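Structural characterization, general
Residue-level listing of the chains:
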Amino acid sequence: MSDPIRLGIFGWPVAHSKSPQMHEAAARALGIELRYERFEVAPDDLAKAVRHEHDTGINGYNLTVPHKQAIMELIDEVAPTARAIGAVNTVVRTNGRYVGHNTDAPGLVRSLEEAGVQVGNGRVVVLGAGGAARAAVVGLSNAGADEIAVLSRKPEQSEALAQSLTEDVECNLEGAPLSEASWYFETATLLVQATSATLESSAGALEFAASLPIDVLPADAAVIDMVYTPLKTSVLARAEERGLTIVDGLGMLLHQGAIAFEMWTGLEPPLDVMRSALND
Ligand code: NDP
């Protein structure tokens, strides 16, 4: 009998992560032995903890906040898309080497496709300038978006993001201040909320949503919020009031996990099982 597959997630904090239940449920459904642990590790301890797990021969792992950037220095190789995004959320042991990937970008695209939202030829507005926003830009550009505008409250951040990705994307990409949102919203086909402002724990979530010119989005625009706690964020609630198509962040979580599961096991992930594990 082969050894069980050993996986985990490094985060700080990580107790809230639903990844263990999602991957273990998928493994049970497929009849394979798989253990997925939580590694709660402070930034200063990441290198030591990762080295330890590599020494034990762990098959792969996920990274969540705040480790997605720091891990890039600690592994053997970073895949080109993850390198462009500047963040690794999935590491896979391949021929004894630990290789970093970013499955957030294709996960976002798959969740939009699943919801029937067309990305190709779209005019996309991305809110935020962190790792999630960078993943959205690369993923949506690869999926054929025509134009992407990245808006952030500190304009120098979205401008720097756009500048650093110009060589990696084929679409028209620009960074601009969040205060100019109306101009971009008026012609958008898709709004991607990639800030942490709508998190349950964020004190100003309602104010943030109220400050956005959701009313000028075209009637056929779609809005996705990457945040999934709560599922219906303040921004999605406003978009829904307008009758726009809304997509929550759980689909992205599911699909980034499903893509990682396939990389680790070589098996087709049972999406329905994983989805219901996330809903438990
Ligand atoms: P970061 O911390 O790297 O970036 C957060 C961004 O949000 C920054 O640009 C920050 O701007 C901005 N921001 C925070 N508060 C506000 C506010 N009140 N108004 C305007 N901008 C604000 O986080 P990530 O990019 O890694 O992740 C962003 C969110 O996406 C997370 O909350 C996470 O839950 C979600 N996510 C979901 C995934 C999924 O699978 N569904 C996958 C990855 C992420 P500033 O620098 O000015 O503070």
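Conventions adopted
- Residues numbered from 1 in each chain as written.
- Predicted model: local features only at pLDDT ≥ 70, side-chain atom pairs only at ≥ 80, totals over all residues.
- Heavy atoms only, no water.
- Pairing = 2+ DSSP bridges.
- Helix = DSSP H or I, 4+ residues; strand = E, 2+ residues; numbered from the N terminus.
- Contact = heavy atoms within 4.5 Å.
- Axes fitted to C-alpha atoms, helices over the stretch in contact; angles between N-to-C directions.
- Near = heavy atom within 4 Å.
- Polar contact = N/O pair within 3.5 Å; in protein donor to acceptor, adjacent residues only side chain to side chain.
- Areas by Shrake-Rupley, 256 points an atom, 1.4 Å probe, with all protein chains shown as cover.
- Nonpolar A, V, L, I, M, F, W, Y, C, P; charged D, E, K, R; others polar.
- Patch = residues over 30% accessible without salt bridge, like charges linked within 9 Å, V, L, I, M, F, W, Y side chains within 5 Å.
- Salt bridge = Lys/Arg side-chain N within 4 Å of Asp/Glu carboxyl O.
- Lys, Arg positive; Asp, Glu negative; His and termini not counted.
- Charge placed at Lys NZ, Arg CZ, Asp CG, Glu CD.
- Buried < 20%, exposed > 50% of the residue type's maximum accessible area, 1.4 Å probe, protein only.
- Core = buried A, V, L, I, M, F, W, Y, C linked by side-chain atoms within 4.5 Å.

1. A look at the sheet that holds strand β4 (residues 77–78)
Taking strand neighbours across the sheet as the criterion, the six strands line up as β2-β1-β3-β5-β6-β4 in an open arrangement whose pairing is mixed. Strands at the two margins of the open sheet, each flanked by one partner only, are β2 (34–40) and β4. The pairing of strand β5 (residues 90–94) with strand β6 (residues 97–101) spans five bridges and is classified as antiparallel. Paired with Val92 across the two strands is Val99, which belongs to β6. Across the face of the sheet, helix α2 (residues 46–56) comes into contact with β1 (5–11), β2, β3 (60–63) and β6 while running at roughly 175° to β1.

2. Focus: the site of the ligand
Neighbouring the ligand are 22 residues; Ala129, Ala132, Arg153, Met226 and Gly249 lie closest to it. Ala132 places a polar main-chain atom, nitrogen or oxygen, 2.8 Å from an oxygen atom of the ligand. Within the side chain of Lys154, one N or O atom sits 3.0 Å away from an oxygen atom of the ligand. For the ligand, the protein covers 76% of the area, taking 930 Å² as the surface of the free molecule. Taken together, the residues of the shell around the ligand break down into eleven nonpolar, seven polar and four charged.

3. Details of the side chain of Ser17
Secondary-structure assignment places Ser17 in the loop between β1 and α1 (19–30). A polar side-chain atom of Ser17 sits 3.1 Å from the main-chain amide nitrogen of Ser19. Those residues in contact with Ser17 that lie beyond four places of it in its chain are Ile9 and Arg38.

4. What about a negative patch on the surface?
Together, Asp146, Glu147, Glu156, Glu159, Glu174 and Glu180 line one region of the surface with negative charge. Relative to the helices and strands, Glu180 resides in the loop between β9 (172–177) and α7 (181–185). The class of Glu180 is partly exposed, set by a relative accessible area of 40%.

5. Thoughts on the nonpolar core
Residues Val126, Leu140 and Ile148 are the most contacted members of the largest nonpolar core, which totals 33 residues. When contributions to this core are tallied by element, the ones reaching two or more residues are α4 (104–114), β7 (123–127), α5 (131–142), β8 (147–152), α6 (155–165), β10 (190–193) and β11 (222–225). Looking at this core, the element that brings in the most residues is α5, giving six residues. Counting 22 residues, the second largest nonpolar core, distinct from the first, contains Ala209, Leu212, Val223 and Ala239.

In short, the description is geometric, and any link to function would need to be established separately.
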